[in-house]
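Spelled out from the first residue to the last, the chains are:
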Amino acid sequence: REDRKKQLQEAVICFTEPEKVDLMNHIHDIARPLLNGNADAVVPTRNDEIFRQTYPMEQYHSESFGNMHFNLLAKQFEGFQREGATKLDWLFGPFAFKANLAANWLAYDGNSWDAQMIPYVRGVRNNNWRIMSVMVNFRHSKEMKEQEEGDPVWTKKRLMQLNLLFDLLGEEELT
């Protein structure tokens, strides 16, 4: 039992979406602060130039705006004022955490983007988790950009995402 507990303290869980294939090229950078004991959760941040070049224009703008908003709200909490935690890429999606913290995600009953973020926000806010960001040179697939850019179905989805997260994350968790 003690061995299992020790293994969980040393293990890392990384979450990503299936379409983010290039993230596997950066997983070592994301996991490193967790494995080195410098963080409890890591939210990778996309290199802005590559983000702008490889994502649909509408998604780049909506996610940049959303990230600015959530970073402004989060700065009131001490845990988001630490070095490496002041500018998170909230809307990128992928994140990693120490495996022994998994129960926090399993206990959260959200079923959308909020289920990714709210557990680490609560951990930082209520349990003094150390969160940080690491820059990654992630490249979104050309096919995804071509499929989504200029399509009102996808701009509507981006607006829905912002509205949902402004309520669930912004209003309920970060204010």
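Look a little higher up for the structure.
Criteria and cut-off values
As a convention, each chain's residues are numbered from 1 in the sequence order in which they are written. Confidence filtering applies because this is a predicted model: local features only for residues at pLDDT of at least 70, side-chain atom pairs given and counted only at 80 or more, and all residues used for totals across whole chains, interfaces and linings. Calculation of side-chain values draws on the structure's entire complement of heavy atoms; hydrogens and water are dropped beforehand. Numbering goes from the N terminus for both helices and strands, where a helix is a DSSP run of H or I of at least four residues and a strand is a run of E of at least two. A simple rule labels every residue: compare its accessible area, found with a 1.4 Å probe on the protein chains alone, to the largest value its type can have, and call it buried under 20%, exposed over 50%, or partly exposed in between. Here, nonpolar core means buried Ala, Val, Leu, Ile, Met, Phe, Trp, Tyr and Cys residues that are tied together by side-chain atoms lying within 4.5 Å of each other. We call two residues contacting when some pair of their heavy atoms lies within 4.5 Å. Strands are labelled as partners when DSSP assigns at least two bridges between them. Fitted lines through C-alpha atoms give the axes, limited to the stretch in contact for helices. The angle between two N-to-C directions lies from 0 to 180 degrees. Centres within 6.5 Å make a pair out of two Phe, Tyr or Trp rings, where for Trp the six-membered ring is used; the pair is then stacked when the planes are under 30 degrees apart, edge-to-face when over 60, and tilted otherwise. Note on geometry: a ring has a charge over it if NZ (lysine) or CZ (arginine) is within 6 Å of the ring centre and within 35 degrees of the ring normal.

### Topic: the overall build of the protein
What the protein contains, in helices and strands, is eight helices and four strands. Secondary structure elements of the protein, listed N to C terminal, follow the sequence α-β-α-β-α-α-β-α-α-β-α-α. Taken along its principal axes, the extent of the C-alpha atoms in the protein is 55 × 35 × 30 Å. Looking at the protein residue by residue over its 175 residues, the buried ones come to 47%.

### Considering the nonpolar core
As a rule of thumb, soluble globular proteins bury nonpolar side chains together. Core analysis: the biggest nonpolar cluster contains 29 residues, and Phe80, Trp90, Tyr120, Ile131, Leu169 and Leu174 have the highest contact counts within it. Among the elements that line this core, the one with the most residues is helix H6 (residues 114–127), at five residues. In this view, leucine 174 contacts Phe70, Leu73, Ala74, Gln76, Phe77, Phe80, Trp90, Val121 and Leu169; residues no more than four positions away in its chain are not counted. Counting residues in each nonpolar core, the second largest holds 14 residues, with Val42, Tyr60, Phe92 and Val136 among its members.

### Re the sheet that holds strand S4 (residues 131–136)
Taken together, four strands build an open sheet; the order of strands is S1-S3-S2-S4 and the sheet is mixed. Whereas interior strands pair on both sides, the edge strands pair on one side only; in this sheet they are strand S1 (12–15) and S4. Strand-to-strand twist of the sheet, defined as the mean angle between neighbouring strand axes without regard to direction, takes the value 25°. Relative to strand S3 (residues 95–98), strand S2 (residues 41–46) is paired through two bridges, and the arrangement is antiparallel. Note on S3: the bridge partner recorded for valine 42 is alanine 96.

### Structural notes on the pairing of S2
A large share of S2 lies buried, amounting to six of its six residues. Burial along S2 is two-sided: Ala41, Val43 and Thr45 facing one way and Val42, Pro44 and Arg46 facing the other are all buried. Where S2 and S4 come together, six bridges link them in parallel fashion. Bridge pairing in S4 places threonine 45 opposite methionine 135.

### Describing the packing of aromatic side chains
The geometry of two aromatic rings is summed up by the distance between their centres and the angle between their planes. Summed over all chains, the structure comprises 15 aromatic pairs. Both rings, one in phenylalanine 95 and one in tryptophan 105, keep their centres 5.5 Å apart while their planes meet at 20°; by these two values the pair is stacked. Of this pair, phenylalanine 95 sits in strand S3 while tryptophan 105 sits in helix H5 (residues 102–107), placing them 10 residues apart in sequence. For the residue pair phenylalanine 95 and tryptophan 105, the accessibility class agrees, reading buried in each case. Connected via pairs of aromatic rings, a cluster forms that spans Phe15, Phe65, Phe70, Phe80, Trp90, Phe95, Phe97, Trp105, Tyr120, Trp129 and Phe166. The side chain of arginine 46 reaches across the aromatic face of tyrosine 55, ending 4.9 Å from its centre.

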